[in-house]
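# What the coordinates show
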Amino acid sequence: MYETLLTDAYKTKYKALWKHKTILDYLQEAIDKAPQKTAIIDSKSRYTYAQLGQAVDRVALGLKHYGIQKGDIVSIQLPNWNEFVILHYAITKIGAVTNPLIPIYREREIGYMVPAVQSKALIIPDSFRGFSYAEMIDSLRTDWDFLEHIFVIGEQIPRDMHSFDDLLKKPWEEDTEALAALNAQHYDADDVTEIIFTSGTTGNPKGVMHTHNTLCVSTDYWVKHLALQEDDVFLMASTFAHQTGFCYGVRLPTHYAGTAVYQDVWDIDEFLRLIEREKVTFTAGATPFLQDMLSSKQLADYDLSTFRAFVALGAPIPRALIREAQENEHIQFQILSGWGQTENGLVTLTELDDSEEKLVNTDGHALPGMSLAIVDASFKELPRNEEGSLLVKGPALFVGYLNQLDKTIEEHHGDWFITGDLAVMDDDGYIRISGRSKDIIIRGGENIPVAYVENVLYEHPDIFAAQIVAMPDPRLQERAAAIVMMNNGCTPITFEALQDFLTTKGLAKHYWPEYLEVVDDFPRTASGKIQKFKLREMIQDKTAEGGI
């Protein structure tokens, strides 16, 4: 159905490393083992594993009633709510494909992504954090003849949309024949089960395709590496529509029949309260979440005795932060660092019993089955302790970009995926991410695709040229700065006017530049090429001098 890398040779290579299971197999095992155990907890409700299984069957039958079939794509733009988990499992049970969409995405991103995957159904909240998703979708769907159904969670259900209650609260399972057909569904573990967009370094975002095998093997790594047991309680505050939240918030707890606790809006006090109240044992999230936790003045006020590990992902952990944590008597948990991408999940991770040197100075070693290489520009492998381009291969690697097989092959060197990151590998196989060869900014663990934002700025009628560069930030590590040239005779644009323009373009606020500088010209080479490194240096100098 999709053009992927899954040739017979590819499948043979990883056959022994895949378990050829789906998340539904893990769910059924958890239901059989501990039906009355709490499976998921969000801000609204709790579900035991038995209740979760029943809800999954009901929603799956409801979706089938509305015409969703095997191979269809269903998009979900929801916060970290129980409905997201139920929907993903229900979509999977039909044999359909889940397309997670980040809640902060607005008209420009959603207007590209939903048509790109040709979603047959879309699930949204009526509103969340003061934004009306129903209004946004209503304004976009005029030309979406492929989208057959929109389900809304909330009280305000617009015309021609359905209440999610139609799926969750109707007793669809009373149709025993339909239920039997659902339970007889055949699943091929090599089928695509997820399409998730990654921030493109050029042009539009790319739809990353994962199969049951690639997702399940990536998730199983965590169970063994962190020695997870049924009594472990996992707290997830990162959005489910990031691969971290999707793989390790939505799916991971089911792999070991544990309990998942979800936070839909980041708040450090609520985060600490949840750890104490639900006896959370570990979490994974962006580095700024860890920074907020370690700097919280209320840290000593909470009982964190059950909490044993924070896996920090998305951006390198400042080395001083780990040392500071090790000296804090209130911090008894381990801080682990890792590296991964949407295309490959978590690939490296430090160990719970690693030495201080490894914990402080590295991003871990490759997980079982995954392979890393550090190479030069000609793809020749470099000696240990030399910086080069990071390549990765293994059974957790994605199987292609949606409708972009040529682009998929272009970003590979043989079996190796070209990550776009620079790294150094030590004599023990531990890596340290040292930079990026692809033009992207990581703001608090969230990617900002530079060329994508630059292209939006170029649409302003008064802007002649635009460049986006990173500027340092003590908490988020990087923020986006815009440096623009105006067309002849045009008044320099103000920061407020730039924000108004980006609002009209429907660009997600997370992508907006947080600093603006108007210049007469950019530094250039003799051939006229813009020297972006000099723009970065200019912004860094201004930041250091307190001018920003």
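Parameters and conventions
- Residues numbered from 1 in each chain as written.
- Predicted model: local features only at pLDDT ≥ 70, side-chain atom pairs only at ≥ 80, totals over all residues.
- Heavy atoms only, no water.
- Helix = DSSP H or I, 4+ residues; strand = E, 2+ residues; numbered from the N terminus.
- Rg over C-alpha atoms; globule rule 2.2 N^0.38 Å.
- Buried < 20%, exposed > 50% of the residue type's maximum accessible area, 1.4 Å probe, protein only.
- Contact = heavy atoms within 4.5 Å.
- Areas by Shrake-Rupley, 256 points an atom, 1.4 Å probe, with all protein chains shown as cover.
- Core = buried A, V, L, I, M, F, W, Y, C linked by side-chain atoms within 4.5 Å.
- Pairing = 2+ DSSP bridges.
- Axes fitted to C-alpha atoms, helices over the stretch in contact; angles between N-to-C directions.
- Disulfide = S-S within 2.5 Å.
- Parallel < 35°, antiparallel > 145°, perpendicular 65-115°, else oblique.
- Nonpolar A, V, L, I, M, F, W, Y, C, P; charged D, E, K, R; others polar.
- Right-handed = clockwise from strand over helix to strand, strands pointing away.
- Salt bridge = Lys/Arg side-chain N within 4 Å of Asp/Glu carboxyl O.
- Phe/Tyr/Trp six-rings, centres within 6.5 Å; stacked < 30°, edge-to-face > 60°.
- Lys NZ or Arg CZ within 6 Å of the ring centre and 35° of its normal.

This part is about the overall build of the protein. Tallying secondary structure elements over the protein gives 18 helices and 29 strands in all. Taking 548 residues into account, the globule formula puts the C-alpha radius of gyration at 24 Å, and the protein, at 23 Å, falls close to it. Across its three principal axes, the protein shows a C-alpha extent of roughly 75 × 55 × 55 Å. In the protein, which comprises 548 residues, the share counted as buried stands at 59%. Contacts spanning at least 24 positions in sequence make up 71% of the contacts within the protein whose residues lie at least 6 apart. About 22,300 Å² of surface is accessible on the protein, with carbon and sulfur atoms providing 47% of the total.

Core analysis: the biggest nonpolar cluster contains 151 residues, and Leu63 and Trp222 have the highest contact counts within it. Leaving out residues up to four positions away in the same chain, Trp222 has contacts with Ala227, Leu228, Tyr248, Leu252, Phe282, Ala284, Val311, Leu313 and Leu346. Within the second largest apolar cluster, 29 residues are counted, among which are Ile275, Met293, Tyr302 and Leu304.

Let us look at the sheet that holds strand β27 (residues 463-473). Strand order in the open sheet formed by 3 strands is β27-β28-β29, and the pairing between neighbours is mixed. Strand pairing shows two members of the sheet lacking a second neighbour, β27 and β29 (515-518), which therefore form its edges. Sheet twist, expressed as the average angle between the axes of neighbouring strands with direction ignored, equals 25 degrees. Bridge count for β27 against strand β28 (residues 477-486) is 10 bridges, and the pairing is antiparallel. Note that in β28 the partner of Asp473 across the bridge is Gln477.

So, about the state of the cysteines. Under the definition given, this model contains 0 disulfides. Lacking any disulfide linkage, Cys247 is separated from the closest cysteine sulfur, that of Cys216, by 9.2 Å. With relative accessibility at 1%, the residue Cys247 sits in the buried group.

Attention shifts here to the sheet that holds strand β2 (residues 46-48). Spatially, 9 strands are ordered β2-β1-β13-β12-β14-β15-β16-β17-β18 in an open sheet, and the strand pairing comes out mixed. A strand with exactly one partner marks an edge of an open sheet, and here the two such strands are β2 and β18 (365-366). As paired strands, strand β14 (residues 282-286) and strand β15 (residues 309-313) are joined by 5 bridges and run parallel to one another. Residue pairing in the sheet places Thr283 in a bridge with Phe310 of β15. Of the strands in this sheet, β1 (38-41) and β2 are in contact with helix α3 (residues 49-65), which crosses β2 at around 95 degrees.

To continue, consider the packing of helix α4 (residues 82-94) against helix α10 (residues 243-255). Contact geometry for α4 and α10: axes closest at 11 Å, N-to-C directions at 75 degrees. Considering the angle they form, α4 stands roughly perpendicular to α10. Of α10, the residues touching α4 (which contributes Phe84, Val85, His88 and Tyr89) are Phe246, Val250, Arg251 and Thr254. By residue class, the composition of the contact of α4 with α10 is 5 nonpolar, 2 polar and 1 charged.

Relative to β29, β28 is paired through 4 bridges, and the arrangement is parallel. Paired with Ile483 across the two strands is Glu517, which belongs to β29. In terms of handedness, the path from β28 via helix α17 (residues 495-504) over to β29 forms a crossover that is right-handed.

Attention now moves to helix α16 (residues 450-457). Counting buried positions over the 8 residues of α16 gives 7, a clear majority of the element. Restricting attention to buried positions, one finds in α16 the residues Val450, Ala451, Tyr452, Val453, Glu454, Val456 and Leu457.

On to the pairing of strand β10 (residues 192-198). Where burial is concerned, most of β10 is hidden: 7 out of the 7 residues are buried. Both β10 and strand β11 (residues 206-211) contribute to a ladder of 6 bridges, which runs antiparallel. Bridge pairing in β11 places Glu194 opposite His210.

This part takes up the pattern of salt bridges. According to the stated counting rule, one finds 30 salt bridges in the structure shown. Across the pair Glu230 and Lys33 runs a salt bridge, and its minimum N-O distance is 3.8 Å. Placement of the pair is Glu230 in the loop between α9 (212-225) and β12 (233-236) and Lys33 in helix α2 (residues 23-33), with a sequence separation of 197 residues. Of the residues examined, Lys33 reaches a relative accessible area of 51% and is grouped as exposed. Of the charged contacts in the structure, one is a salt bridge between Asp160 and Arg159, with a shortest N-O distance of 3.3 Å. Judged by relative accessible area, Arg159 falls into the exposed class, the value being 56%.

Moving on, we come to the packing of aromatic side chains. Two numbers describe a pair of aromatic rings. These are the distance of the centres and the angle of the planes. Tallying each qualifying case throughout the model produces 22 aromatic pairs. Taking 6.3 Å as the distance between ring centres and 55 degrees as the angle between the ring planes, the aromatic pair formed by Tyr105 and Tyr511 counts as tilted. Placement of the pair is Tyr105 in the loop between β4 (97-100) and α5 (107-117) and Tyr511 in the loop between α17 and β29, with a sequence separation of 406 residues. Like Tyr511, Tyr105 is buried. When the ring of Trp222 is compared with that of Phe234, the centres are 6.5 Å apart and the planes differ by 50 degrees; the resulting orientation is tilted. Separated by 12 residues along the polypeptide, Trp222 in helix α9 and Phe234 in strand β12 bring together distant segments of the chain. Taken together, the aromatic side chains of Phe84, Phe240, Phe246 and Tyr262 make up a single cluster linked through ring pairs. In this structure, Lys44 packs its charged tip against the face of Trp81, placed 4.1 Å from the ring centre. The aromatic ring of Tyr401 is capped on one face by Lys206, whose charged end is 5.0 Å from the ring centroid.

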